[in-house]
Amino acid sequence: MFVRVPTKVLKVFYRWFCESNFRLTNMSTLCNYTVLNNGIKMPLIGLGTWKSAPGQVKDAVICALDIGYRHIDCAVVYGNESEIGEAFLQNVGPDKPVKREDLFVTSKLWNTKHYPEDVEPAVRKSLEDLKLDCLDLYLIHWPHAFERNDELFPKNPDGTIRYDYIDYKETWKAMEKLVEKGLVKAIGVSNFNSRQIDDVISTATIKPAVLQVECHPYLAQKELLAHCKDRGIVLTAYSPLGSPDRMWKHPDEPILLEEPGIKKLAEKYKKSPAQILLRWQVQRGVVCIPKSVTPSRLLENIQIYSFSLTEEEMEQIGCLDKHWRYIVPTITVDGKHVPRDAGHPHYPFNDPY
């Protein structure tokens, strides 16, 4: 159960943090943000809200805003945008603790809304739920589409997904219109591979600003990161700590937070393994959106600016790459877990990167 720590207690911690010269709310004091290809500043650390259960996420967002987070990552499929909107309504706006212009909010277009005529209604629904007039960033959540439907996961009688095969470049054209209408400031993609990114760019009027993908030392995404940097695209890492709270964990999978080399560095710097993992990412220029509803961990995850990893240590962590992907939607076939969407022609993970 999530227990909300009193705001006064959180502010005492945060005041100490600020007095240590690591003020997160003042963007000019240290490089804790990256700049998108349209000139917008995006904080390097944000709060991920995937798997944050209803009844918990509002308090988690309020807590995060209280201690200095200025980047919240959302998606309609997470099922909690209305509750996040309640937190924003309470805490964001004129005469409230957080000014809207200081907050970076991302949401995502779900797979059932890829048809161009569905894109604007989808973003307007997210804006309504989040109690906002404009999103800072809107992403196509996956390159492959599901059947047009009000259900998030339309299924056949045998439990398989009912797909659609619309070209994501058609969806992208509708995304560009959202920028023109002032509904979003920047647009990007999530879970696209390098070939798909170039495919979008080939016909785009507005180039993707961000690619959000799973990324951590076991899936370092070195080639994909270089590909994005060459094209002026910022990479955002979801599950940067290895998503240890997943319900579908395999008992034999490697546990990133228990990696000996990471724990050794944590001891050296008197930090947690999570802080080492996040510091490695931001030193590579990668945005991170770790999820937590625990106040102490929320605070810990933004306290990564008081130290730097050496070049050798950065390389050491990068060498842990196993091309291990934790987040792959699966179904059970003949008693075995297999990738759910691998047969779709736009499935992204069949390519090397």
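In what follows, the accompanying structure is described.

Thresholds, definitions, all that
- Residues numbered from 1 in each chain as written.
- Predicted model: local features only at pLDDT ≥ 70, side-chain atom pairs only at ≥ 80, totals over all residues.
- Heavy atoms only, no water.
- Helix = DSSP H or I, 4+ residues; strand = E, 2+ residues; numbered from the N terminus.
- Contact = heavy atoms within 4.5 Å.
- Polar contact = N/O pair within 3.5 Å; in protein donor to acceptor, adjacent residues only side chain to side chain.
- Patch = residues over 30% accessible without salt bridge, like charges linked within 9 Å, V, L, I, M, F, W, Y side chains within 5 Å.
- Areas by Shrake-Rupley, 256 points an atom, 1.4 Å probe, with all protein chains shown as cover.
- Salt bridge = Lys/Arg side-chain N within 4 Å of Asp/Glu carboxyl O.
- Buried < 20%, exposed > 50% of the residue type's maximum accessible area, 1.4 Å probe, protein only.
- Expected span 1.5 Å × (residues − 1).
- Pairing = 2+ DSSP bridges.
- Right-handed = clockwise from strand over helix to strand, strands pointing away.

1. Structural notes on the environment of Arg340
Within the secondary structure, Arg340 is located in the segment after strand 14 (336-339). Separated by 10 residues in sequence, Arg340 and Thr330 place their C-alpha atoms 4.4 Å apart. Here Arg340 is in contact with Phe146, Phe153, Ile161, Tyr163, Pro329, Thr330 and Ile331, once residues within four sequence places are set aside. A polar side-chain atom of Arg340 sits 2.8 Å from a polar atom in the side chain of Asp341.

2. Section: a nonpolar patch on the surface
Taken together, the side chains of Val76, Leu152 and Phe153 make up a nonpolar region of the molecular surface, amounting to roughly 200 Å² of accessible area. Within the element layout of this structure, Val76 appears in the loop between strand 4 (71-73) and helix 3 (81-91). The partly exposed category is assigned to Val76, whose relative accessible area is 31%.

3. Digging into helix 4 (residues 116-130)
An ideal rise of 1.5 Å per residue puts 21 Å on 15 residues; helix 4 measures up with 22 Å between its terminal C-alpha atoms. Every buried residue of helix 4 is accounted for by Asp118, Val119, Ala122, Val123, Ser126, Leu127, Asp129 and Leu130. Where helix 4 is buried, its residues touch helix 3, strand 5 (104-109), strand 6 (137-140) and helix 5 (168-180). Lys131 lies just past helix 4 and shows a positive phi near 60°.

4. Some words on the pairing of strand 10 (residues 210-214)
In terms of residue burial, strand 10 counts as a mostly covered element, since five of its five residues are buried. Two elements, strand 10 and strand 11 (residues 234-238), share five bridges in a ladder whose sense is parallel. Bridge pairing links Val210 to Val234 in strand 11. For the crossover that starts at strand 10, traverses helix 7 (residues 222-230) and ends in the parallel strand 11, the hand is right-handed.

5. Topic: unusual backbone geometry
In the Ramachandran plot, Gln221 falls in the positive-phi region, its phi being about 55° despite a non-glycine side chain. Within the secondary structure layout, Gln221 lies in the loop between strand 10 and helix 7.

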